[in-house]
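Letter by letter, the chains look like this.
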Amino acid sequence: MGRRVPMWQVLLCVVFTLGVICYSIFLTPDYGEAHMPMILAAAFVAIVGALNGWKWSVMEKGMVQGISRSMQANLILLTVGILVSTWKAGGIIPSMIYYGLDIISPALFLVTAALLCTIISFVIGSSYTTAGTIGVAMIGIAVGLGINPALAAGAVVSGAYTGDKMSPMSDTTNMAPAVSGSNIFDHIKHMVWTVTPSYVIALVLWFILGRSAAPSGGIQMEMKDILQDAIQNEFTVSPFLMLPVLFLLAAVVLKIPALPAMFVGVVMGIFCMGVVQGIDADQWFSIMHYGYKSSSADIVLTEEYSVADVVGGGGFDGMLWTVSIVLCSMSFAGVLEATGMLGQLVEKILKVAKTNGLLIMTTVLTCLFINLLCADQYLAIILPGRMYKTAFEDRKLKNKNLSRCLEDSGTLTSPLIPWNVCGATMTGFLGQPTIAYAPYAFVNYLCPIISIIYGFTGFTIEKMTDEEYEKMLEARRAEEEATKRELEA
């Protein structure tokens, strides 16, 4: 173990990290990514740690533990990449786009996309799976309707994350109450107060944007017809191809774990590739690895998109960019946590919280800060949850107030940051840079703002009764005694 790193050195690490990331993304257009900056930042933090007596073995262990926390997400990412490629080659996603172009009105597209992604994400409890399947189809429909795909991506991301945070099957929805000590269903009910106004405002904004963003009827019909004709020429389109989508929904209702369910979805995609689309078996592995190569590359829809861009892509290889940024980010976060620097930052921030409003605002901003610095939504929930639990309890604030803050900010701000695991994942799925879709992901930044407003006004902020407070103190004392005995043993 090393010594406590001086605060000025901790702040230097923060400034260096944010500076090198911003320089790369905003000032180097030929590169514009966060991989190398995150590696450089991890090395810089490790050097500072070493100068303060922290052994490399400790910091390396922190990196490994950080990467370990992300492995489930990485496995899901790679599996979704394979799923998307087989569903595209099998005509499943192209059929969704084909029928969606007939059903969805251009003026109501953004509202429809958000609502659909919210419902699906709530049912399956996964923003990743929703964005990687339904979201991909929504981007294709947006291009066919002549709507800016960045607008569509914003609606998809907001819808997917809203459904995710309200779903009792979501990992973050279970994690936030677990860390804060509240009941999951009390937690979900309490989030309704911040989600509802945020979502209603967002729907109104998407409706207004949708009406103004939809092109004139002639242009829209021309693009729609071109895309539908190209899909019909390249694929066998059939309602039968919606069965894999229904299976994926049923699998989650039946509580089949995500990875096995997606692997079955891959098998169904392979079946559709071979039997429905007639793709030879010697091409299956190539499609699964490198993505589906559409034969319609010469059919142009817009200056940015051809038909091949809409119906092609996916694959294991296509997800490696996202997995690599996850590995880089978690390595950096692991060093920062292992050397105690992250804990010091949170401790300093906590000293500012003198009132309930300031405490809630501090919690929300801390979650955002950790998402910015550590690039991981799980850390953005776990660390503030651990640090502020006692502060909330000492103010007689019920634990569900803390759990709501953790999700309002820790979960929802994560896809707004380009180098965050969630931001990189959404970019990988939807093909839109984070900074392009973030302005239109309205729920993701309205919800934290409303949460802060509630903190200062006291609206929906529930307090413990004297009896509940005494029970909490007894439970805390019992926990402290148990920890003490364990350490002595």
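Residues numbered from 1 in each chain as written. Predicted model: local features only at pLDDT ≥ 70, side-chain atom pairs only at ≥ 80, totals over all residues. Heavy atoms only, no water.

In the annotation of an unreviewed UniProt entry, the entry for the chain reads Na+/H+ antiporter NhaC, and the organism field reads Anaerotruncus colihominis. The heading Subcellular location (unreviewed entry) in the UniProt record of the chain holds the text "Cell membrane". In UniProt, the chain has this text filed under Sequence similarities (unreviewed entry): "Belongs to the NhaC Na(+)/H(+) (TC 2.A.35) antiporter family." (UniProt positions renumbered as here; feature names shortened; annotations may be inferred.)

Engineer: What should I look at first to understand helix α1 (residues 7-27) in this one?
Structural biologist: Within an α-helix, residues lying three or four positions from one another point in the same direction, as the helix has 3.6 residues per turn. Over its 21 residues, α1 runs 29 Å from end to end, which matches the ideal 30 Å to within 8%, given 1.5 Å per residue. Among all positions in α1, only Q9, V10, C13, V14, T17, V20, I21, S24 and I25 are buried. Down the axis of α1, the buried set is contained in an arc of 150°. They therefore lie on one face. Residues of α1 that are exposed and angled more than 90 degrees away from the buried face: W8, V15 and L27. For α1, the secondary structure elements touched by its buried residues are α2 (35-51), α15 (320-338), α16 (341-350) and α17 (356-374). (Helix = DSSP H or I, 4+ residues; strand = E, 2+ residues; numbered from the N terminus. Expected span 1.5 Å × (residues − 1). Buried < 20%, exposed > 50% of the residue type's maximum accessible area, 1.4 Å probe, protein only. Arc of directions from axis to C-beta. Contact = heavy atoms within 4.5 Å.)

Engineer: In this structure, what is going on with the pattern of salt bridges? I would like to understand it.
Structural biologist: Between side chains of opposite charge, a pair can form when the charged atoms approach closely. All chains considered together, the criterion is met by 8 salt bridges. With its nearest N and O atoms 3.1 Å apart, the salt bridge here joins R476 to D394. Of the two residues, R476 is situated in helix α23 (residues 466-488) and D394 in helix α18 (residues 377-394); the sequence distance between them amounts to 82 residues. Because the salt bridges share partners, they merge into one network encompassing K389, E393, D394 and R476. (Salt bridge = Lys/Arg side-chain N within 4 Å of Asp/Glu carboxyl O.)

Engineer: I tried to follow the packing of aromatic side chains on my own but got confused; where do I start?
Structural biologist: Aromatic rings considered in pairs are described by the distance between their centres and by the relative angle of their planes. Evaluated as defined, the whole model comprises 8 aromatic pairs. Following the ring pairs from residue to residue traces out a cluster consisting of W193, Y454 and F459. (Phe/Tyr/Trp six-rings, centres within 6.5 Å; stacked < 30°, edge-to-face > 60°.)

Engineer: Would you take a moment to explain unusual backbone geometry for this structure?
Structural biologist: Glycine aside, the phi torsion of most residues is negative, and most peptide linkages are trans. Residues other than glycine seldom take positive phi values, yet K396 does so here, at roughly 60°. Take K396: it is sitting in the loop between α18 and α19 (399-411). By relative accessible area, K396 is classed as partly exposed at 29%. A positive phi is found at T460, a non-glycine position, where the angle reads about 70°. Among the secondary structure elements, T460 is positioned in the loop between α22 (442-457) and α23.

Engineer: Sorry, what's going on with the layout of surface pockets here?
Structural biologist: Gaps left between atoms show up when a probe the size of a water molecule is rolled over them. What the second largest pocket holds in volume is close to 430 Å³. The wall of the second largest pocket is formed by 23 residues, among which K88, G314, G428, F429 and G431 lie closest to the centre. Breaking the lining of the second largest pocket down by element, the ones donating at least two residues are α3 (56-89), α6 (127-145), α14 (307-311), α15 and α20 (421-430). With 4 residues, α3 is the largest single contributor of residues to the lining of the second largest pocket. (1 Å grid on protein atoms, 1.4 Å probe; cavity = no way out; pocket = protein on both sides within 12 Å on 5 of 7 lines; lining within 4 Å. Points joined across faces, edges and corners; volume = space filled by probe spheres on them.)

Engineer: Sorry, what's going on with a nonpolar patch on the surface here?
Structural biologist: Residues L108, V200, I201, V204, L205, F207 and I208 make up a contiguous nonpolar surface patch of about 560 Å² in total accessible area. Topologically, L205 is positioned in helix α9 (residues 184-213). Classification of L205 as partly exposed rests on a relative accessible area of 31%. (Patch = residues over 30% accessible without salt bridge, like charges linked within 9 Å, V, L, I, M, F, W, Y side chains within 5 Å. Areas by Shrake-Rupley, 256 points an atom, 1.4 Å probe, with all protein chains shown as cover.)

Engineer: Before we go on, may I ask you to explain empty space enclosed by the protein in this structure?
Structural biologist: Scanning the entire structure with this criterion turns up 3 cavities of 30 Å³ or more. Its boundaries defined by the atoms lining it, the second largest cavity holds a volume of some 40 Å³. S70, A73, Y128, D376, Q377, Y378, V421 and C422 together form the lining of the second largest cavity. Contributions of two or more residues to the lining of the second largest cavity are made by α3, α18 and α20.

Engineer: Would you mind showing me how to read the nonpolar core here?
Structural biologist: Buried together is how nonpolar side chains tend to be arranged in soluble globular proteins. The biggest cluster of nonpolar side chains holds 152 residues, and the ones touching the most others in it are I97, F109, Y128, M138, W206 and F429. The element that contributes the greatest number of residues to this core is α3, accounting for 12 residues. (Core = buried A, V, L, I, M, F, W, Y, C linked by side-chain atoms within 4.5 Å.)

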